[in-house]
Amino acid sequence: MIINWYPGHMKKTEALLKEQLKLIDVVLELVDARIPKSSRNPKFLDLFKDKKRVIVLNKSDLADEKVTMEWKSHFENQGMHVIVTNAITGGTARYIQEAVTRAFQEKSQQLINRGRKSRPARVMVVGIPNVGKSTIINQLAGKGSAKTGDKPGVTRGKQWIRVHSQIELLDTPGILWPKFEDEITGIHLAQTGAIRDEIIDQEELAHELVKELLALYPEQLHKRYGGDVMIDPLDYMKWIAKTRGCILKGGEVDLLRVATILLDEFRGGKIGRISLESPE
Ligand SMILES: Nc1nc2c(ncn2[C@@H]2O[C@H](COP(=O)(O)OP(=O)(O)O)[C@@H](O)[C@H]2O)c(=O)[nH]1
Ligand SMILES: [Mg+2]
């Protein structure tokens, strides 16, 4: 399966991002807790190197708690501030504010030492499509001032939102694009819904998912679908198809339908809390 996903306007996006970063003290980098490796792009490490950074492991409600804690230590060992969030639940905003304040403290002190007046931290949310940027901005802003659920793209024009006496937030997120270093990166991005469905073969995507889940989370798979989790991934898919009545007119199994079910249920957390990637 070859995934070639590279929206045309990347150069412009990067230039805009660089421009916006000049105004920023703290970058809130959102990462999908299920796939922290694939949902980050090493290309941006350089861009953010002079900024205070908070890594936000979002969608933690869908990820394996134990693995998320391993990722947290992994990033902390690299000197980053890390928080674990579920952007949909309340209370997230306060948690993020605390992390931003902590990250900004050092810079704030430097400003004061240079005889400057202390000022609020200027913050920007960045991340790949669908990672939860708008949801987080809404949480921080307190009401529906940023759109959620939108498609990848760039929003023009910017405005600051005062989210706390000491924090100002840029109302539009920086949309980063994923790297496609290897095939598995694209597969994980598609499985978690970060890139659009239409461009990828659903049967192959689900087949790959079943293969990974049989290796990583066989008990959860068995709990959801029953059956013999020792069998071959394709046979297991066919077995699920039969139990779910995904049968074509001629009596053949409807692999496309079962693939859609599997991907939907995985994305919705119905197979349980699953992390597809662990730190090395
Ligand atoms: N389960 C879960 N879903 C989330 C979380 N954060 C965001 N979402 C959902 O993920 C989808 C994309 O969120 P959105 O904020 O639009 O992402 P953006 O593209 O980065 O702005 C929406 O359906 C959100 O409701 C989270 O922490 N947990
Ligand atoms: Mg958005």
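Residues numbered from 1 in each chain as written. Chains lettered and ligands numbered in written order. Predicted model: local features only at pLDDT ≥ 70, side-chain atom pairs only at ≥ 80, totals over all residues.

1. Quick look at the pairing of strand β4 (residues 121-127)
Selection criterion: Buried residues are those with 20 or more other C-beta atoms within 10 Å of their own C-beta, exposed residues have 12 or fewer, and partly exposed residues lie in between; C-beta atoms are placed from the backbone. Note on conventions: DSSP H or I runs of at least 4 residues are helices, E runs of at least 2 residues are strands, and numbering of each starts at the N terminus. Any two strands between which DSSP finds at least two bridges are classified as paired.
Within β4, six of the seven residues are buried, which leaves the element mostly enclosed by the surrounding structure. For strand β1 (residues 26-32) and β4, the ladder comprises four bridges, and the chain directions are parallel. Bridge pairing in β4 links Glu 29 to Val 126. Where β4 meets strand β6 (residues 167-170), three bridges bridge the pair, whose relative direction is parallel. Of the residues in β6, the one forming a bridge with Arg 122 is Glu 168. Note: β4 against strand β7 (residues 174-175), two bridges, orientation parallel. Directly across from Gly 127, in β7, lies its bridge partner Ile 175.

2. Description of the environment of Gly 272
Residue placement: Gly 272 occurs in the segment after α9 (255-267). Classification of Gly 272 as partly exposed rests on a count of 16 C-beta atoms within 10 Å.

3. Section: the environment of Lys 52
Put simply, the rule reads: For every residue pair, C-beta atoms are placed from the backbone, and the pair is scored as a contact if these atoms sit within 7 Å.
Position of Lys 52 among the secondary structure elements: in strand β2 (residues 52-58). Here the alpha-carbon distance between Lys 52 and Arg 162, two residues 110 residues apart in the chain, equals 19 Å. Apart from the residues lying within four places of it in its own chain, the contact partners of Lys 52 are Asp 25, Val 26, Ala 103, Phe 104 and Lys 107.

4. Structural notes on unusual backbone geometry
Not every positive phi belongs to a glycine, and Lys 59 is a case in point at roughly 60°. Turning to its location among the elements, Lys 59 is positioned in the loop between β2 and α2 (65-76). A positive phi angle, close to 70°, is found at Asn 130, a residue other than glycine. The topology assignment puts Asn 130 in the loop between β4 and α4 (133-141).

5. Looking at α2
Definition in use: Take the number of residues in a helix, subtract one, and multiply by 1.5 Å to get its expected span.
Over its twelve residues, α2 runs 16 Å from end to end, which matches the ideal 16 Å to within 8%, given 1.5 Å per residue. Elements in contact with the buried residues of α2: β2 and β3 (81-84).

6. A few points about the domain arrangement of the protein chain
Where we set the bar: Residue ranges for the domains trace back to a domain assignment, done automatically or taken from a database.
Structurally, the protein chain comprises domain 1 (10-175) and domain 2 (201-267). A separation of 36 Å is found between the C-alpha centroids of domain 1 and domain 2.

7. Looking at the site of ligand 1
The condition that has to hold: Here, nearness means that the C-beta atom of a residue, built from backbone geometry, sits within 6 Å of the molecule or strand in question. Charged means Asp, Glu, Lys or Arg here, nonpolar means Ala, Val, Leu, Ile, Met, Phe, Trp, Tyr, Cys or Pro, and polar covers whatever is left, Gly included.
For ligand 1, the set of nearby residues contains 18 residues, the closest of which are Ala 87, Gly 132, Lys 133, Ser 134 and Thr 135. Of the residues forming the shell around ligand 1, the biggest block, three residues, is contributed by α4. When its residues are assigned to classes, the shell around ligand 1 shows five nonpolar, nine polar and four charged.

8. Quick notes on the nonpolar core
The line we're drawing: In these notes, a nonpolar core means any group of buried Ala, Val, Leu, Ile, Met, Phe, Trp, Tyr and Cys residues linked to one another through C-beta atoms within 7 Å.
Grouped together as the largest cluster of nonpolar side chains are 66 residues, with contacts concentrated most on Val 26, Leu 28, Val 100 and Val 123. Here this core spans two domains, since at least three of its residues come from each of domain 1 (10-175) and domain 2 (201-267).

9. A look at helix α6 (residues 202-216)
A turn of α-helix holds 3.6 residues, and therefore any two residues three or four places apart point the same way. Inclusion rule: Here, the arc refers to the directions that run from the helix axis to the C-beta atoms.
Its 15 residues place the ends of α6 21 Å apart at the C-alpha level, agreeing with the 21 Å of an ideal helix rising 1.5 Å per residue. Among the residues of α6, those classed as buried are Leu 205, Ala 206, Leu 209, Val 210 and Leu 213. The buried residues of α6 occupy an angular sector of 135° when projected down its axis, which confines them to one face. Buried residues in α6 make contact with α5 (183-191), α7 (218-225), α8 (233-243) and α9.

10. Quick word on the environment of Ile 195
By the secondary structure assignment, Ile 195 is in the loop between α5 and α6. Considered as a pair, Ile 195 and Ile 128 are 67 residues apart in the sequence and their alpha carbons are 9.2 Å apart.

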